[in-house]
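# Descriptive structure summary
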Amino acid sequence: MNLLWREAFLAFRRTRTLSALSIITIAFALFVTGLFGLVALNLRSALQDVAERVEVVAFVLHGTPTQALTVAGQDIAAFPEVFAVKYVSEDEALERAKRDLVEFSDAYKDLEVNPLPPSFEVRLKPEFRDATHAGAVAERLRSFDFVEDVRYGKDWVQRLDALRTLAGLVGLAIGFAFALVSIVIIGVTIRITVLQRAREIRIMRLVGATDWFIRGPFLIEGAVKGFLGGILALLLCAAVYLGFQAQQFGISVGLHFFGVGQVLLLLIFGVLLGLTGSLVSVGRHLKHV
Amino acid sequence: MIRFTKVSKRYPNGTGPALEDVSFHVGRGEFVFLTGHSGAGKSTLLKLMYGDERPSEGDVRVSGFAIGALRRDEVSRLRRRLGIVFQDFGLLEDRTAAENIAFALEVTGHRQDVIPARVIRALAQVGLSKKSEAFPRELSGGEQQRVAIARALVNDPPVLLADEPTGNLDERATRGVFQLLEDINTAGTVVVMATHDLDLVRAAKKRTLEMREGKLVYDSADQAVSA
């Protein structure tokens, strides 16, 4: 086993420039993937913030008996999609309107009758914050005979759904494309190393080394290159992230960096890319030796 | 040890057959010269012996391996039972003589602790004990070929195949290398040596197989095989 490592690192030492070059190339390929990952991550968390505001509001007829409202509140809270229910009375609604809509405060002052209806504000559990579920909950709320109207911002909830799907698909496509590019790049750099060491491989074959033994050092080399490339890519991503964070955008944007799991994922991805690249190019070479 | 039965070999893009209907047998302890012009089929014959090529027709057997049906993993097993030496020595330039020999043991999975003793023994066998730390470029052609022979012998193979091992050497070095191969043969190893050095062949008085245009035209063991 340590013979394999020794041979792999010998190969590194002998082709220093080439190895450095291939690590940098891998790093850039992973960097682009990582950057997209960061964008996707932040987009997702931004969408999550928006999704949290998905709320179904049921306006209740004036003069509905309090007892009926209490029972209804309990029923609504028992819906499987529902995270929380809040009853907002007429007075509360007016208070809120006065507070939130300062520009109309004069108009409210002269009111003799409160025109605002009481309502139930229903927040959904995270997994149900989409158009289909919000619609279903709205439909059920409508079936209460004291409910006058239900609103849940159907249009924008649907748009949010579409955006989420689109972001997922684009992410998948771009990630796939760059993974492919990385494999090709790693394959080419390993192939150059393989050609440089063709003589050694020929001798190994002649003295009876098995294919796996010959592959071993190249696989290690590929994996190490992928790993180092991944680390470099993470550093580049972090630099870009910190650069963005240092910028003042006027509004505070809640930017996120990769978590531990995602960092590991990127590194594992790098190692896998390195392994695949080596396996392909050494395999192709061995066929002819 | 080596048996060819009605062996033909055609390459996909070759004009004529590289080998045609070749049959012979090399027994235990023999030393055999393989002669003929360039392109006569000597190298193809050797490649068949070490499993680098497969026969198009006929049967090739080497140390109990049927070459025609050899799987890839069996090729490495076959080669551990063969020593192979080339005209260009095939040494790794960035490793010392001892490291070149040790390499053959390392890549065939020998334990690290048994390697040094075997390397020392192999170097002594070829008379290069004092040059173990020399790099190939610091050695003469004859010495480099001795290192290559030591590497071929370090696994104690029953058969040693040599493709023009003296082709790049001057007369003195040639005699030295041939003497070494003869000693190895005396110790019990079968040696098959391809060469076009007819002076050497004539002086050595060993069994000789002569190839011409892919055919075996002369075997000194049973006189003319075919015209």
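Higher on the page you've got the structure.
Residues numbered from 1 in each chain as written. Chains lettered and ligands numbered in written order. Predicted model: local features only at pLDDT ≥ 70, side-chain atom pairs only at ≥ 80, totals over all residues.

Our focus in this paragraph is the overall build of chain B. The number of helices and strands found in chain B is 7 helices and 10 strands. Every one of the 227 residues in chain B was classed for burial, and the buried ones make up 42%. Partitioning the intrachain contacts of chain B with sequence separation of at least 6 by distance along the chain shows that 68% fall at a separation of at least 24. (Helix = DSSP H or I, 4+ residues; strand = E, 2+ residues; numbered from the N terminus. Buried ≥ 20, exposed ≤ 12 C-beta atoms within 10 Å, placed from the backbone. Contact = placed C-beta atoms within 7 Å.)

Here the focus is the overall build of chain A. When helices and strands are tallied, chain A shows 10 helices and 4 strands. Shown N-terminal to C-terminal, the secondary structure of chain A runs as helices and strands in the order α-α-β-α-β-α-α-β-α-β-α-α-α-α. Every one of the 289 residues in chain A was classed for burial, and the buried ones make up 27%. In chain A, of all internal contacts separated by at least 6 residues, the share reaching a separation of at least 24 is 86%.

What follows covers the interface of chain B and chain A. On the side of chain A, 12 residues touch chain B, which itself brings 13 residues to the contact. If you list the elements that add at least two residues to the side of chain B that touches chain A, you get helix H2 (72–79) and helix H3 (97–106) of chain B. In terms of residue count, H2(B) provides more of the side of chain B that touches chain A than any other element does, 4 residues in total.

Residues and elements named next belong to chain B. Looking at chain direction, strand E3 (residues 31–35) and strand E9 (residues 207–212) are connected through 4 bridges and run parallel. In the strand pairing of E9, Thr-35 is matched with Glu-210. Where E9 hands over to strand E10 (residues 215–219), the hairpin turn is made up of 2 residues, of which Glu-213 adopts a positive phi near 45°. (Pairing = 2+ DSSP bridges.)

What follows is about the sheet that holds strand E4 (residues 57–62) of chain B. Residues and elements named next belong to chain B. Strand order across the open sheet formed by 4 strands is E2-E1-E4-E5, with antiparallel pairing between neighbours. Every interior strand has two partners, whereas the edge strands, strand E2 (19–26) and strand E5 (65–66), have only one. Direction of pairing for strand E1 (residues 2–9) relative to E4: antiparallel, over a ladder of 5 bridges. Across the sheet, Ile-2 pairs through a bridge with Val-62, a residue of E4. Sheet strands touched by helix H1 (residues 42–49): E1, E2 and E4. Its angle to E1, the strand with the most contacts, is close to 120°. (Axes fitted to C-alpha atoms, helices over the stretch in contact; angles between N-to-C directions.)

Taken together, the buried positions of helix H8 (residues 198–206) of chain A are occupied by Glu200(A), Ile203(A), Met204(A), Arg205(A) and Leu206(A). Of the surrounding secondary structure, the elements contacted by the buried residues of H8(A) are helix H9 (211–246) of chain A together with H2 and strand E6 (82–86) of chain B. Of the residues flanking the end of H8(A), it is Gly208(A), one or two places downstream, whose phi is positive at about 100°.

Residues and elements named next belong to chain B. Strand order in the open sheet formed by 6 strands is E6-E7-E8-E3-E9-E10, and the pairing between neighbours is mixed. Of all strands in the sheet, those bounded by a partner on one side alone are E6 and E10. The mean inter-strand angle of the sheet, taken between neighbouring strand axes irrespective of direction, is 20°. With 5 bridges joining them, strand E7 (residues 159–163) and strand E8 (residues 190–194) adopt parallel strand pairing. By the bridge assignment, Val-159 is partnered in E8 with Val-190. Along the sheet, helix H5 (residues 141–153) contacts E6 and E7; its crossing angle with E6, the most-contacted strand, is approximately 165°.

With that out of the way, let us pick up the packing of H5(B) against helix H6 (residues 171–186) of chain B. Relative placement of two packed helices is described by the angle separating their axes and the distance separating the axes. Residue and element names in this part refer to chain B. For the pair H5 and H6, the least separation of the axes is 9 Å and the interaxial angle reads 15°. Taken together, the axis directions place H5 and H6 in an arrangement best described as roughly parallel. Considering how the two elements wind past one another, H5 and H6 form a crossing that is right-handed. Here Gly-141, Gly-142, Gln-145, Arg-146, Ile-149 and Leu-153 of H5 come into contact with H6, specifically with Ala-173, Gly-176, Val-177, Leu-180 and Ile-184. Classifying every residue of the contact of H5 with H6 by side-chain character gives 6 nonpolar, 4 polar and 1 charged. (Parallel < 35°, antiparallel > 145°, perpendicular 65-115°, else oblique. Left-handed = near helix turned anticlockwise from the far one by under 90°. Nonpolar A, V, L, I, M, F, W, Y, C, P; charged D, E, K, R; others polar.)

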